[in-house]
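Examining the three-dimensional arrangement
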Protein chains: 2
Amino acid sequence: MADEVVLLDCYYSMFGMRARVALAEKGVEYEFREENLANKSQFLLEMNPIHKKIPVLIHNGKPICESLIIVEYIDEVWKDKSPLLPSNSYQRAQARFWADVIDKKVSVAGKGIWSTKGEDQETTKEMIDALKLLEGELGDKRYFGGDDFGFVDVALIPFYCWFHVYETFGNFSIEENCPKLVEWAKRCMEKESVSKSLADPNKVYEFIVGMRKMYYGLE
Amino acid sequence: MADEVVLLDCYYSMFGMRARVALAEKGVEYEFREENLANKSQFLLEMNPIHKKIPVLIHNGKPICESLIIVEYIDEVWKDKSPLLPSNSYQRAQARFWADVIDKKVSVAGKGIWSTKGEDQETTKEMIDALKLLEGELGDKRYFGGDDFGFVDVALIPFYCWFHVYETFGNFSIEENCPKLVEWAKRCMEKESVSKSLADPNKVYEFIVGMRKMYYGLE
């Protein structure tokens, strides 16, 4: 039986993009189903009744939720091509740790920046601190895991198409603060698996302008 | 070379207990180092510079942080005895998902209950809802993964010695709401790996009475 793979996703979601990048790296064909997050489908609610969130990967009818768990699942199931997690247990633990840091710090600070008026310099500082931590971990390596594109790269690169949003509403330059991280992002973007999976930064920006107006009354 | 295993931990921490239970399940000998969280050791700050939190597992000098990542690492390294994660990729993803639900729902609601006056019925309701979700997932199985004690059991069982705290300050009975979950917890407690790793519920209670007074001015 051929694999049936469906991704419930939203174009702008960095979490959905993680799944898209991982599937593209593995060369897995799948059906992309755009969800309207303001009016979620009954199918999404059935597939992820606990969190009711995208992304959900549905593999031969069985749902997998939470983006990092999805990426790890993709890596385990389609293991013959482009391994994402290292084979060494200690390095695997480190990759999981840094992906978790991205969720706990970059993601949280990002939301803080675009959902406020930008007067709160604290969230901007938190974002810069988080990105600097990651830049420190990257060091002079080509990718986070070394020479090959891997798990931490998949976890972080989707945020690159949100950088314009963070910089505009947080009033700072990521390149000035983290030049090596921006170099790394551009290197990742040379990969088709990444460039074709990420949203257009201008569309993300327009989407967020709309979200700020609708949900937070911000111009 | 014999393995050198050190656990930086705090007696009352459910996250530390996860590591203790996993190490006990595997029969790994280790040095337990109690940290004073009000005055963290320089060594802890060096071993976990990002989060500065316990538990940290130090295996032959190399630190691993974040409790679920530690448990997964222990499962991978000492793989010959008591496997914790299932071998099937879909079941592994489900186990990771439910462990993550425990972190996102039970852990958060628990803190909400004991750090307030208990007048906020919302956090109590969140805790009951979260425990009911888990009871639903457990169903009529012996353990979360089926017949054998596994990853989700390790992730959840440490909260059992905090139940008395949640019930007292949230003013509700877990057994009344989730009888099967309490049966499961008692079943887990029959295992020496669990019973010798968990804190004494009365000591947890006394500790929290002190914390409430010191940090929140609550009697």
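Presented here is an overview of the structure given in this document. (Residues numbered from 1 in each chain as written. Chains lettered and ligands numbered in written order. Predicted model: local features only at pLDDT ≥ 70, side-chain atom pairs only at ≥ 80, totals over all residues. Heavy atoms only, no water.)

1. A word on a nonpolar patch on the surface
A contiguous nonpolar patch, built from Met214, Tyr215 and Tyr216 of chain A and spanning about 360 Å² of accessible area, is present on the exposed surface. Along the chain, tyrosine 215 of chain A turns up in helix α11 (residues 201-216). (Patch = residues over 30% accessible without salt bridge, like charges linked within 9 Å, V, L, I, M, F, W, Y side chains within 5 Å. Areas by Shrake-Rupley, 256 points an atom, 1.4 Å probe, with all protein chains shown as cover. Salt bridge = Lys/Arg side-chain N within 4 Å of Asp/Glu carboxyl O. Helix = DSSP H or I, 4+ residues; strand = E, 2+ residues; numbered from the N terminus.)

2. Overview of the relation of the copies chain B and chain A
In this arrangement, two copies of a chain are superimposed by a rotation about an axis accompanied by a shift along the axis. With an axial shift of 0.0 Å and an RMSD of 0.0 Å, the rotation relating chain B to chain A amounts to 180°. Within this description, the copies of the chain are treated as partners about a two-fold rotation axis. (Least-squares fit on C-alpha atoms with pLDDT ≥ 70 in both.)

3. A look at the interface of chain B and chain A
Counting from both sides, the interface comprises 26 residues of chain B and, opposite them, 26 residues of chain A. In this assembly, chain B packs against chain A so that about 2,300 Å² is buried in total across both faces, 65% of it on carbon and sulfur atoms. Counting the surface chain B buries against chain A, the share from its top three residues, Ile50, Tyr90 and Phe97 of chain B, is 27%. The interface formed by chain B and chain A contains eight salt bridges. The partner of arginine 96 of chain A in a salt bridge is glutamate 72 of chain B, with the nearest N and O atoms 3.2 Å apart. There are 14 residue pairs in polar contact (both at pLDDT 80 or more) connecting chain B and chain A. Looking at the side of chain B that touches chain A, the elements that each hand over two or more residues are β4 (62-65), α3 (67-77) and α4 (89-114) of chain B. Broken down by element, the side of chain B that touches chain A gets its largest block of residues, 12 residues, from α4 of chain B. (Contact = heavy atoms within 4.5 Å. Buried area = accessible area lost by both parts, 1.4 Å probe. Polar contact = N/O pair within 3.5 Å; in protein donor to acceptor, adjacent residues only side chain to side chain.)

4. What to know about the packing of helix α7 (residues 163-170) of chain A against α11 of chain A
All names here are of chain A. Two elements in contact, α7 and α11, have axes whose closest approach is 8 Å; the angle formed by their N-to-C orientations is 50°. Overall, the two elements α7 and α11 adopt an arrangement that is oblique. In contact with His164, Val165, Thr168 and Phe169 of α7, α11 contributes Pro201, Asn202, Val204, Tyr205, Ile208, Val209 and Arg212. Residues of the contact of α7 with α11, tallied by class, amount to seven nonpolar, three polar and one charged. (Axes fitted to C-alpha atoms, helices over the stretch in contact; angles between N-to-C directions. Parallel < 35°, antiparallel > 145°, perpendicular 65-115°, else oblique. Nonpolar A, V, L, I, M, F, W, Y, C, P; charged D, E, K, R; others polar.)

5. Focus: the sheet that holds strand β3 (residues 56-59) of chain B
All names here are of chain B. With mixed pairing, the four strands of this open sheet are ordered in space as β2-β1-β3-β4. Pairing within the sheet leaves two strands with one partner each, and these edge strands are β2 (31-34) and β4. Strand-to-strand, the axes of this sheet are offset by a mean angle of 20°, without reference to chain direction. Bridge count between strand β1 (residues 5-9) and β2: four bridges; the pairing is parallel. Directly across from valine 6, in β2, lies its bridge partner glutamate 31. (Pairing = 2+ DSSP bridges.)

6. Things to note about helix α7 (residues 163-170) of chain B
Residue and element names in this part refer to chain B. Considered for burial, the residues of α7 that qualify are Phe163, Val165, Tyr166, Phe169 and Gly170. Mapping the buried residues of α7 onto a view down its axis gives an arc of 165°, with all of them on the same face. Here the buried face of α7 lies against α1 (14-26), α4, α5 (121-138), α8 (174-177) and α11 (201-216). Just downstream of α7 lies asparagine 171, where phi reads positive at about 55°. (Buried < 20%, exposed > 50% of the residue type's maximum accessible area, 1.4 Å probe, protein only. Arc of directions from axis to C-beta.)

These figures capture arrangement, not role.
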